[in-house]
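# Architecture at a glance
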Amino acid sequence: MASQQQKITGAQKLVVAATLTIFTCSQGLLMEASKINGKYEYNSAVVPLFSELVKLILSMILLRRQIKRDTQQTQMTTDLRSVLMFPIPSVIYVMHNNVQFYTMAYVDAATYQILGNLKIVTTGVLFRFALGRMMTRTQWIALLLLTIGATVSQISGCAGETLSAPIAGYLLGILSACLSATAGVYTEFLLKKNNDSLYWQNVQLYAFGVVFNAARLTWDDFFGENKGGNWLFDCTDGFTLITWLIVINFSFSGLFVSWLQKFADTIVKVYATSSAMLLTALLSVSFFGLEPSLQLFLGITIACCSLVLYFMPPDAPKEKSLPTTTSSFISPRGVGQSAGENKLN
């Protein structure tokens, strides 16, 4: 993995993070636009399944291409103990992807993005206690500021209710943040634990994702919301062009996330996705008639300060020039006299 990371430049990481920001921004807008009369007319649990399937197919194509180019340098660990570690994040991601849809049923697109920033706090905590990553006091303050910004943005100024969305939306948002952080930190551990090809690791990750998403839909057919149905035959019912765009969005966002987790870290990933709230809030005003409030823009401003503060390099201590011993004890007059005496001599 070290040789792979040496080929990855900071500019490449920036481009991938910026692209992920754009995809995440459009994600909330597309999910909001896919609603008809405030409801999803399609089975929202099918979207994560299709996105996992697309990611699996793309990863298999890229892996095959990599093997053809350089078979010896394409490392793939097939040890059973290693493979069995990949279902864990798949189960968590299944829960997280479906919680996202339930969250959007209670909140608007901008609120969805702001609540998503809570994943930075939970990720920071897991970084410290699960992976043993150390963070500076400034970075912890940045995470605290982000929490404050997310809270301020949700305070309704003139309405009768203190919060601008139902309490269920906030609880689902917190749950989504915890699930995202857990899955992200654990996935980063998996991707970085050896020198395996990223495409091979993705194949394992998304293969289990397809299996568990399909199992979840089958469960719904027998015991859940779709009891008595058959998702294999009605999985695309209610699908529109926007729904397929959501599938594509989820697919490429997942691929970008795995790339950042392999060659950067999860904090970079979550900050990239959090930056999308700036675009989402502004675009929501134009597309969905969201009324811009002072609280919303205060929250965005605080979140931006948190972003800069977290990634700001630490200030180097200023070096004070100490006077030399000679200048401390010899007066200018004495120096002049010595010079004159030398000339006379």
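Scroll up to find the structure.
First things first, this report covers the structure right here in the doc.

Each value, and the rule that gives it
- Residues numbered from 1 in each chain as written.
- Predicted model: local features only at pLDDT ≥ 70, side-chain atom pairs only at ≥ 80, totals over all residues.
- Heavy atoms only, no water.
- Axes fitted to C-alpha atoms, helices over the stretch in contact; angles between N-to-C directions.
- Helix = DSSP H or I, 4+ residues; strand = E, 2+ residues; numbered from the N terminus.
- Left-handed = near helix turned anticlockwise from the far one by under 90°.
- Contact = heavy atoms within 4.5 Å.
- Buried < 20%, exposed > 50% of the residue type's maximum accessible area, 1.4 Å probe, protein only.
- Salt bridge = Lys/Arg side-chain N within 4 Å of Asp/Glu carboxyl O.
- Parallel < 35°, antiparallel > 145°, perpendicular 65-115°, else oblique.
- Nonpolar A, V, L, I, M, F, W, Y, C, P; charged D, E, K, R; others polar.
- Phe/Tyr/Trp six-rings, centres within 6.5 Å; stacked < 30°, edge-to-face > 60°.
- Core = buried A, V, L, I, M, F, W, Y, C linked by side-chain atoms within 4.5 Å.
- Patch = residues over 30% accessible without salt bridge, like charges linked within 9 Å, V, L, I, M, F, W, Y side chains within 5 Å.
- Areas by Shrake-Rupley, 256 points an atom, 1.4 Å probe, with all protein chains shown as cover.

## Points about the packing of helix H9 (residues 167-192) against helix H12 (residues 241-263)
One can describe the packing of H9 onto H12 by two numbers: an axis separation of 8 Å at closest approach and a directional angle of 65°. Viewed along their axes, H9 and H12 form a crossing whose handedness is right-handed. Residue-level inspection shows Gly-184, Thr-187, Glu-188, Leu-191 and Lys-192 of H9 in contact with H12, the latter providing Ser-258, Gln-261 and Lys-262.

## Digging into unusual backbone geometry
Phi at Asn-37 takes a positive value of approximately 55°, unusual for a residue other than glycine. Relative to the elements of secondary structure, Asn-37 occurs in the loop between strand E1 (35-36) and strand E2 (39-40). Overall, Asn-37 belongs to the exposed group, its relative accessible area being 79%.

## Considerations on the pattern of salt bridges
Oppositely charged side chains are able to pair whenever their charged atoms sit close together. With the rule as written, the count across this model stands at five salt bridges. As a salt-bridge pair, Lys-55 and Glu-52 come within 2.7 Å of each other at their nearest N and O atoms. In this pair, Lys-55 and Glu-52 are both assigned in helix H3 (residues 46-69), three residues apart and thus about one turn of the helix distant. Glu-188 serves as the salt-bridge partner of Lys-192, at 3.1 Å between the closest nitrogen and oxygen. Highlighted residues: Lys-192 and Glu-188, both in helix H9, separated by four residues, approximately one helical turn. Of the residues examined, Lys-192 reaches a relative accessible area of 23% and is grouped as partly exposed.

## Section: the packing of helix H5 (residues 87-104) against H9
A pair of packed helices is characterised by two quantities: the angle between their axes and the separation of those axes. At a closest axis distance of 9 Å, the pairing of H5 and H9 adopts a crossing angle of 155°. Considering their axes alone, H5 and H9 lie roughly antiparallel with respect to each other. Considering how the two elements wind past one another, H5 and H9 form a crossing that is left-handed. Each residue belonging to the contact of H5 with H9 can be placed in one class, and the counts come to 13 nonpolar, 10 polar and no charged.

## Looking at the environment of Gln-139
Note on placement: Gln-139 falls in helix H8 (residues 137-152). You can call Gln-139 buried: its relative accessible area is 18%. Spatially, the C-alpha atoms of Gln-139 and Val-308 are 9.9 Å apart, while their sequence positions differ by 169 residues.

## Points about the packing of aromatic side chains
All chains considered together, the criterion is met by nine aromatic pairs. A ring pair is formed by Trp-259 and Phe-263, whose centres lie 5.1 Å apart and whose planes are at 55°; its orientation type is tilted. Of the two residues, Trp-259 and Phe-263 are both situated in helix H12; the distance of four residues between them amounts to about one turn of the helix. Here Trp-259 matches Phe-263 in class, with each residue buried. By the ring-pair criterion, three or more aromatic residues cluster together here, those being Tyr-40, Tyr-42, Phe-50, Phe-239 and Trp-244.

## Description of the nonpolar core
Core analysis: the largest hydrophobic core is formed by 36 residues, its most contacted members being Met-31, Val-47, Phe-101 and Ile-246. Those elements that place two or more of their residues in this core are helix H2 (10-33), H3, H5, helix H6 (109-116), H9, helix H10 (198-223) and H12. Tallying contributions element by element places H10 first for this core, with seven residues. Excluding residues that lie within four positions of it along the chain, Met-31 makes contacts with Tyr-40, Gln-100, Phe-101, Met-104, Tyr-112, Ile-246 and Phe-250.

## Considering the side chain of Thr-103
Residue position: Thr-103 is located in helix H5. With sequence-adjacent residues up to four places away left out, Thr-103 is seen in contact with Tyr-112, Gly-169, Leu-172 and Gly-173.

## Side note on a nonpolar patch on the surface
A cluster of nonpolar side chains, contributed by Leu-241, Leu-245, Ile-248 and Phe-252, occupies part of the molecular surface with about 370 Å² of accessible area. Within the secondary structure, Phe-252 sits in helix H12. The class for Phe-252 is partly exposed, based on a relative accessible area of 33%.

Remember that the coordinates give geometry; whether it matters functionally is a separate question.
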